[in-house]
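# A closer look at the structure
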Amino acid sequence: MADKAAIQKRAQRIRRQIKKVAGDRPRLSVHRTSKNIYAQVIDDAKGHTVAAASTLEKDFKAGKKTGADSAAAAAIGKLVAERAVKAGVKEVVFDRGAYIYHGRVKALAEAAREGGLSF
């Protein structure tokens, strides 16, 4: 298992590359744990979160049995996209952090695209 320093270093390297190409677009940041997944659209220029969603929300927990599968990630992707579009954000850059673009991270990204975000 990779140690924490290596994971943080990889995430910072990805984030540095994203900020080079982002321009003035906010970033869609993803964080996943073994039981939940979190997504937020962050405006780095202003330093605040535009929209966020996670599997820990009461509305989400009522309908789903787990937050640790691709279906839950897809639901969170659609939800964060809906909230971002409502806040006036349509163009983002995808920040996968230290995670590979596979499984839950990929499901969230594809659902966010379907929900109206462009990246």
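Remember, it's a predicted structure, so these values are computed and weren't measured experimentally.

## Quick notes on the overall build of the protein
From N to C terminus, the protein includes four helices and four strands. When the helices and strands of the protein are read in sequence order from the N terminus, they spell out α-β-β-β-α-α-β-α. Scaling as 2.2 N^0.38, a compact globule of 119 residues should have a C-alpha radius of gyration of about 14 Å, and the protein matches this with 14 Å. Principal axes of the C-alpha set define a box for the protein whose edges measure 40 × 40 × 20 Å.

## Brief notes about the pattern of salt bridges
Working definition: two side chains of opposite charge can pair if their charged atoms are close together. Counting across every chain of the model gives five salt bridges. With a closest N to O distance of 3.0 Å, R83 and E57 form a salt bridge. Linking R83 in helix α3 (residues 70-86) with E57 in the loop between β3 (48-54) and α2 (58-63), this pair joins segments that are 26 residues apart in sequence. By sharing partners, the salt bridges in this structure join R15, R27, D44 and D95 into a single network.

## Structural notes on the side chain of S29
Tracing the backbone through its elements, the reader meets S29 in strand β1 (residues 27-32). Residue S29 is classed as buried on the basis of its relative accessible area, which comes to 11%. S29 has contacts with R15, Y38, A39, Q40, I42 and D95, leaving out every residue within four places of it along the chain.

## Examining the pairing of β1
Bridge analysis of β1 against strand β2 (residues 37-43) gives six bridges, and the strand direction is antiparallel. Within β2, the position partnered with H31 by the bridge is Y38. Hairpin connection of β1 to β2: four residues between the antiparallel strands. Pairing of β1 with strand β4 (residues 93-95) involves three bridges; the strand directions are parallel. Each residue of the ladder has a partner; that of S29, found in β4, is D95.

## Section: the pairing of β2
Among the seven residues in β2, five count as buried, and that is most of the element. Between β2 and β3, which pair antiparallel and follow one another directly, the connecting turn spans four residues, one of which, G47, has a positive phi of 75°.

Scoring rules and cut-offs
Residues numbered from 1 in each chain as written. Predicted model: local features only at pLDDT ≥ 70, side-chain atom pairs only at ≥ 80, totals over all residues. Heavy atoms only, no water. Helix = DSSP H or I, 4+ residues; strand = E, 2+ residues; numbered from the N terminus. Rg over C-alpha atoms; globule rule 2.2 N^0.38 Å. Salt bridge = Lys/Arg side-chain N within 4 Å of Asp/Glu carboxyl O. Buried < 20%, exposed > 50% of the residue type's maximum accessible area, 1.4 Å probe, protein only. Contact = heavy atoms within 4.5 Å. Pairing = 2+ DSSP bridges.

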